[in-house]
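Close look at the chain arrangement
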Amino acid sequence: MSVVKSPLSEADLKTVGDALQGALVDLLDLSLVAKQVHWNVVGPRFRSVHLQLDDVVDTARQHSDTVAERASALGVNPDGRAATIAKSTAIASTSEGWIKDVDAVKTLVDALGVVIGRMRERIEATETPDPVSQDILITLTADLEKHAWMFQAESA
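Residues numbered from 1 in each chain as written. Predicted model: local features only at pLDDT ≥ 70, side-chain atom pairs only at ≥ 80, totals over all residues. Heavy atoms only, no water.

1. What to know about the overall build of the protein chain
Secondary structure summary: the protein chain contains five helices and two strands in total. Of the regular secondary structure in the protein chain, the N- to C-terminal order runs α-β-α-α-β-α-α. Whereas a compact globule of 156 residues would reach a radius of gyration of roughly 15 Å, the protein chain reaches 16 Å, a difference of no more than 12%. With respect to the principal axes defined by its C-alpha atoms, the protein chain has extents near 55 × 30 × 20 Å. For the protein chain, the residues scored as buried account for 44% of the 156 residues in total. Accessible area for the protein chain stands at about 8400 Å²; split by element, carbon and sulfur atoms hold 55% of it. Separation between the mean location of the 15 positive side-chain charges and that of the 23 negative ones in the protein chain comes to 3 Å. (Helix = DSSP H or I, 4+ residues; strand = E, 2+ residues; numbered from the N terminus. Rg over C-alpha atoms; globule rule 2.2 N^0.38 Å. Buried < 20%, exposed > 50% of the residue type's maximum accessible area, 1.4 Å probe, protein only. Areas by Shrake-Rupley, 256 points an atom, 1.4 Å probe, with all protein chains shown as cover. Lys, Arg positive; Asp, Glu negative; His and termini not counted. Charge placed at Lys NZ, Arg CZ, Asp CG, Glu CD.)

2. Things to note about the layout of surface pockets
In this structure, the largest pocket occupies an estimated 200 Å³ of space. In terms of lining, the largest pocket is formed by D29, L32, V33, K35, Q36, W39, T89, I91, A92, S93 and T94. Looking at the lining of the largest pocket, its residues break down into five nonpolar, four polar and two charged. (1 Å grid on protein atoms, 1.4 Å probe; cavity = no way out; pocket = protein on both sides within 12 Å on 5 of 7 lines; lining within 4 Å. Points joined across faces, edges and corners; volume = space filled by probe spheres on them. Nonpolar A, V, L, I, M, F, W, Y, C, P; charged D, E, K, R; others polar.)

3. Here's the deal with the pattern of salt bridges
Within the structure shown, the criterion is met by ten salt bridges. Notably, a salt bridge pairs K35 with D54, separated by 2.7 Å at the nearest N-O pair. Here the residue K35 occupies a position in helix α1 (residues 10-40), and D54 occupies one in helix α2 (residues 46-73), the gap between them amounting to 19 residues. What makes K35 buried here is its relative accessible area of 15%. With a relative accessible area of 22%, D54 lands in the partly exposed category. Here R45 ties to E154 by a salt bridge, and the two come within 3.6 Å at their closest N and O atoms. (Salt bridge = Lys/Arg side-chain N within 4 Å of Asp/Glu carboxyl O.)

4. Observations regarding the nonpolar core
L30, V67, L108, L112, M119, L140 and L144 are the most contacted members of the largest nonpolar core, which totals 39 residues. For this core, the secondary structure elements donating two or more residues are α1, α2, α4 (101-126) and α5 (131-154). Here the element with the most residues in this core is α1; it accounts for ten residues. (Core = buried A, V, L, I, M, F, W, Y, C linked by side-chain atoms within 4.5 Å.)

Keep in mind these values describe shape, not function.
Here it is as structure tokens:
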């Protein structure tokens with residue numbers, strides 16, 4: 001059942017829908033990874049890393065809602081179910097237990113690197129079929145790149 005009629009052609013809608021769904025999965029998983037690390041980080045830089053992780057969670061959650069609502073506006077059902085995230089994510093699994101602050105930073109640098117790489121592919125894919133969705137992806141990628149820079153600076 002399709003309740004919302006998309007202004008995009010079927011082919012463009014498929015491209016954009018896939019890009020938005022992929023972005024949603026990546027953002028939701030990034031928020032989960034950052035929160036898991038946030039709860040388990042230990043070490044001399046605990047407080048600063050702990051707070052920085054919450055910033056990533058806030059960014060990912062805010063943008064995931066924007067991405068999901070854009071998909072809905074185009075007539076694409078966003079799927080943020082745990083099973084969908086688990087089978088579609090490209091972010092490496094987070095280790096169990098306490099995570100040293102140095103390892104927490106590395107985990108986020110790696111996770112952000114994966115997500116940013118995939119977002120940049122989606123930016124390219126949506127350029128022609130839907131500049132509006134592309135703009136959303138550009139904005140969120142800029143925010144993720146800022147977080148990546150800050151975590152990389154932590155490990156310098």
